[in-house]
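Chain by chain, the residues:
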Amino acid sequence: MAEHIDELITLCERETDRCFEVVYSLPVHLEDSKEVVLCCLFHRLLTTYKGVCSLLRLRLPNEARVLSRTLLEIVFRIRAINISDEALQRYITDDKIFQKKALKGLLNLPEDWPS
């Protein structure tokens, strides 16, 4: 099995690239917030999966395991948002809170911080 790992990873990466093609070909209706969020999350899912494949190719299984947990969390989030509009609103609200905290952190950088 070990001798076929690189082959399997290459196959997974190729299939992921095909999934990217599908995602990029989908029409997204910008007025439908659920559709926009799910499309973005699916893109994040694919990039995370590709990261897992890259880490495995580099023989970094522990790092790949950590990223796999992120992958699983994205899957759960996609499922919840697809089922429930309340989960979608919670996700959007949480993101707005995160954006405000990030902006506040940027505004409070020391004056001597490099631009």
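Look up a bit, the structure's there.
Along each chain, numbering runs from 1 in the same order as the chain's sequence is written. Under the rules for a predicted model, residues below a pLDDT of 70 receive no local features and side-chain atom pairs below 80 are neither given nor counted, while totals for whole chains, interfaces and linings still include all residues. To obtain the side-chain values, all non-hydrogen atoms of the structure were included, while hydrogens and water were left out.

Enquirer: Teacher, can you tell me more about the packing of aromatic side chains here?
Expert: To describe a pair of aromatic rings, one takes the distance between the centres and the angle between the planes. Put simply, two rings from Phe, Tyr or Trp (the six-membered ring, in Trp's case) pair if the centres are within 6.5 Å, and we call them stacked under 30 degrees between planes, edge-to-face over 60, tilted for the rest. By the definition in use, this model includes one aromatic pair. Here Phe20 and Tyr24 contribute two aromatic rings whose centre-to-centre distance is 5.9 Å and whose plane-to-plane angle is 25°, an arrangement assigned as stacked. Note that Phe20 and Tyr24 are positioned in helix α1 (residues 5-25) at a spacing of four residues, about one turn of the helix. Each helix is a run of DSSP H or I of at least 4 residues and each strand a run of E of at least 2, with the numbering of both proceeding from the N terminus.

Enquirer: Explain unusual backbone geometry to me, please; I cannot follow it from the model alone.
Expert: At Arg59, a position not held by glycine, the phi torsion is positive, near 60°. Note on placement: Arg59 falls in the loop between α2 (33-57) and α3 (61-83).

Enquirer: I would appreciate a short explanation of the pattern of salt bridges in the present structure.
Expert: As a working rule, side chains carrying opposite charge can pair if their charged atoms are close by. We define a salt bridge as a contact between a side-chain nitrogen of Lys or Arg and a carboxyl oxygen of Asp or Glu at a distance within 4 Å. For the structure on display, the rule yields seven salt bridges. With a closest N to O distance of 2.7 Å, Glu13 and Arg57 form a salt bridge. Here the residue Glu13 occupies a position in helix α1, and Arg57 occupies one in helix α2, the gap between them amounting to 44 residues. With a relative accessible area of 30%, Arg57 lands in the partly exposed category. When a residue's accessible area, from a 1.4 Å probe over protein chains only, is under 20% of the maximum for its type it is buried; when over 50% it is exposed; and in between it is partly exposed.

Enquirer: Please explain the side chain of Glu13 as it appears in this structure.
Expert: The exposure class assigned to Glu13 is buried, which follows from its relative accessible area of 16%. By the convention used here, residues are in contact when the closest approach between their heavy atoms is within 4.5 Å. Contact partners of Glu13, with chain neighbours within four places excluded, come to Lys50, Cys53, Ser54 and Arg57.

Enquirer: Whenever I open this one, α1 confuses me. Can you help?
Expert: Here the expected length of a helix is defined as 1.5 Å per residue gap, with one fewer gap than residues. Taking 1.5 Å as the rise per residue, α1 with 21 residues should run 30 Å; its terminal C-alpha atoms sit 30 Å apart, in good agreement. For α1, every residue scored as buried is listed here: Ile9, Glu13, Thr16, Phe20 and Val23. For α1, the arc enclosing every buried residue in end-on projection is 70°, short of the 170-degree limit, so these residues lie on one face. Exposed positions of α1 whose direction lies more than 90 degrees from the buried face are Glu7, Arg18, Glu21 and Ser25. The reported arc concerns the directions from the helix axis to the C-beta atoms and nothing else.

Nothing here speaks to function; it is all geometry.
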